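As a plain string of letters, each chain reads:
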Amino acid sequence: QVQLVESGGGWVQAGGSLRLSCAASGRTFSITAMGWFRQAPGKEREFVAAIDWSSGNTDYADSVKGRFTISRDNAKMSLYLQMNSLKPEDTAVYYCAARQYWLGHSRRGSDYNYWGQGTQVTVSS
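Residues numbered from 1 in each chain as written. Predicted model: local features only at pLDDT ≥ 70, side-chain atom pairs only at ≥ 80, totals over all residues. Heavy atoms only, no water.

Asker: Explanation requested: the overall build of the protein chain in the structure shown.
Answerer: Scanning the protein chain from N- to C-terminus turns up zero helices and eleven strands. Its helices and strands taken in sequence order, the protein chain reads β-β-β-β-β-β-β-β-β-β-β from the N to the C terminus. Compactness check: the protein chain gives a C-alpha radius of gyration of 13 Å against a globular reference of 14 Å for 125 residues, within 12% of the reference. Across its three principal directions, the C-alpha atoms of the protein chain cover 40 × 25 × 25 Å. By residue count, 47% of the 125 residues in the protein chain fall in the buried class. In the protein chain, once contacts between residues fewer than 6 apart in sequence are set aside, the share between residues at least 24 apart is 58%. Between the centroid of the 13 positive side chains of the protein chain and the centroid of its 10 negative side chains there is a distance of 3 Å. (Helix = DSSP H or I, 4+ residues; strand = E, 2+ residues; numbered from the N terminus. Rg over C-alpha atoms; globule rule 2.2 N^0.38 Å. Buried < 20%, exposed > 50% of the residue type's maximum accessible area, 1.4 Å probe, protein only. Contact = heavy atoms within 4.5 Å. Lys, Arg positive; Asp, Glu negative; His and termini not counted. Charge placed at Lys NZ, Arg CZ, Asp CG, Glu CD.)

Here's what the structure looks like:
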């Protein structure tokens, strides 16, 4: 089993920055990729960014490309999302997710096996 705990959410004004963290514990040796997803009220969950745990290769949604940076610390088994130039449309609950065994990161939430509890990000105009 893998446990994921997000932190770092909060309230910021448009144009501000925020850094999200996700700490993984348990059977972390089986993790092959991790990602960030978000869900705003009344909207479908959407892919934000993902990273291959071994290679560090990344993938970003077009809506956040150039503003968000996903990174990981293999030794600490932690995932990060640096969010800059935040916009009101970035307001959502952000979830950390971990994929096991299968190679390659994915934009599909169903490909991930474990999820964190979520952390709220609110961006005001």
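Asker: Looking at this structure, I do not really get the pairing of strand β3 (residues 18-26). What am I missing?
Answerer: Regular strands have side chains that alternate between both faces of the sheet. Pairing between strand β1 (residues 2-7) and β3: six bridges, direction antiparallel. Across the sheet, the residue bridging to Glu-6 is Cys-22, located in β3. Taken together, the six bridges between β3 and strand β8 (residues 78-83) define a ladder with antiparallel strand orientation. Directly across from Leu-18, in β8, lies its bridge partner Met-83. (Pairing = 2+ DSSP bridges.)

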